[in-house]
Amino acid sequence: MMANLRHPGLEFRHALADPITVTPSAYNPEHVSIDVLEIFNGRVNWKPKLNHAALANQVQARSQSKSPQLRIMFANNWGYPEDSPPEDVNKELTGNLTINFLHPWATVRRDEKGSVVSLDGFYNILHPDEDTSIGMTWFSQTFSSETSTYIIHNCPEMAKDLLLEFSKGTQTAKLLEPFATDVFIADESFRLWNMQIFGPLENLDKYADKPISSLTSRESQEAVEELHSMIEHLHDMTSSFKDLKSRLEHLMRFHQQYIKLFNPPEQLYEPTTESLTFILTQADNVLRGISSASERLKIRINLFIGFSTQQHTSTNMDIAEFTSKIAMAGQKSSSAMITIAALAMLFLPGTFVSAIFSMVLFKTGSDEDGNHVVSAGSQWWLFPAITIPLTVVIFLVWLLWKKLARSRGDSDLEAAGKINIVAQYEEKEPPLNLIRRMQRGVEKVAVRKLYS
């Protein structure tokens, strides 16, 4: 038989589906571990780590006597392999609803006459621990008997310890105020997330106080990598913290719904309202702090990158100066080689002509008196007549070739500079043929022009 559906638009689809049941072998009553805190008028009852049998006896004993004004059951272990309540148990915890809500919700229970009996609800909070466990809280605020019942799974340990310690004090009645228990859980969850978010940012001040000029290039690179990991950390934490803030806002709405339904005296709900408002204000401050830290990190990263670029520029300038010195030394060496080459060209025509003709221009012999004499051949004039013009022609051809080569090199260098400028803006490389032309001689022409 189908249960009475309070929210048919949400519940009917799930009521038609096959229920998820748990086999008896999957449940181990000995693994059940639940801490129970009960508060009566002026008396506190604390029962830690109750198993299935002990919990059943505790509930049966309370059903035959006066119910506590506040009962909190901290579920350490449900006795199931997944360590979470199955769907049928979850229905019992949520007022026999046929839908297992994964998001905060609250529903009003009424009796047969339509009078409000209680406000029942559920909310979950992701804890920022190593296991990223989810804290789940079921609550029932009953107006007629002025009792509150909580079942809390994965409650933060510090929140549990604070609730237990406070219950032993002289202001135990403060815990009986509606949603006072939830404030302990919300405040501890907020504290854990605050530490998780801003704890890894301690090194930011280290880089902010240390002069950038004192860092080496490798240290600057390591700083950029660390600062970038901080930004990624803040990005990941932001969505989770916004989810926490959303849960706190839901909790505030539950509290306001309770006030609207039962209209309790102001002194019973004002402290809780003020506490939740304070935590929400702190959450807004944390979000602003995240935004501010992200901007600081981005500014610092840009500063490190700019300084690193400046260092590379300075290094390139030193390399250029050193290259210039090498080019100047090469220029001096090439000047000596040019002198030697010029002298070789001076004697080359005469040698060439002598080799071609292989002729004897001067004759040696004796005259009538027996004296040695040297006489010139009848065609001695051919040697200077051919050698001198040929030498002049060779020098003219060499000078003309040198002038043409310099003119061509200057034009190629100017074109290469324009193409490099365009390539910088268009993020393209210069054409390969131009690079090859520059490699064949443009660099040499540029050095020659610089030091000539």
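An account of the accompanying structure is given in this report. Residue positions are given per chain, counted from 1 along the sequence in the order it is written. Given that the model is predicted, a residue must reach a pLDDT of at least 70 before its local features are reported, and side-chain atom pairs must reach 80 or more before they are shown or counted; all residues, however, enter totals for whole chains, interfaces and linings. Computation of side-chain values: all heavy atoms of the structure, hydrogens and water removed.

**Let's talk about the pairing of strand β7 (residues 147-153)**
- Most of β7 sits out of view: six of its seven residues are buried.
- Paired strands are those between which DSSP finds at least two bridges. To qualify as a helix, a DSSP run of H or I must reach at least 4 residues; to qualify as a strand, a run of E must reach at least 2; elements of each kind are numbered from the N terminus. Pairing analysis gives six bridges linking strand β3 (residues 70-77) to β7, with the strands arranged parallel. Bridged to Phe-74 within β7 is Ile-152.
- When strand β6 (residues 134-142) meets β7, the two strands line up antiparallel, connected through seven bridges. The partner of Thr-142 across the bridge, within β7, is Thr-147.
- Two successive antiparallel strands, β6 and β7, enclose a turn made up of four residues, where Glu-146 displays a positive phi of approximately 55°. For every residue, the accessible area (1.4 Å probe, protein chains only) is compared with the maximum for its type, and the residue is labelled buried under 20%, exposed over 50%, or partly exposed between those bounds.

**What about the packing of aromatic side chains?**
- Pairs were defined over the aromatic rings of Phe, Tyr and Trp, the Trp ring being its six-membered one, requiring ring centres within 6.5 Å. Orientation was assigned from the angle between planes: stacked under 30 degrees, edge-to-face over 60, tilted for the rest. Counted under the stated rule, the structure contains 10 aromatic pairs.
- Ring geometry for Phe-139 versus Phe-179: centroids 5.3 Å apart, planes at 70°, classification edge-to-face. Residue Phe-139 is located in strand β6, and its partner Phe-179 is located in the loop between α4 (157-167) and α5 (180-198); the two are separated by 40 residues in the primary sequence.
- Given a relative accessible area of 3%, Phe-139 falls into the buried group.
- Ring geometry for Tyr-258 and Phe-262: centres 4.6 Å apart, planes at 65°, overall edge-to-face. Here the residue Tyr-258 and the residue Phe-262 both occupy positions in helix α7 (residues 217-262), the gap between them amounting to four residues, near one helical turn. For the pair Tyr-258 and Phe-262, a shared accessibility class is recorded, and that class is buried.
- Among the aromatic residues, those joined into a cluster by ring pairs are Tyr-123, Phe-139, Phe-143, Phe-179, Phe-254, Tyr-258 and Phe-262.
- For a lysine, the NZ atom is tested; for an arginine, the CZ atom; a charge sits over a ring if that atom is within 6 Å of the ring centre and within 35 degrees of the ring normal. Against the face of Phe-40 rests Arg-43, its NZ or CZ located 4.3 Å from the ring centre.

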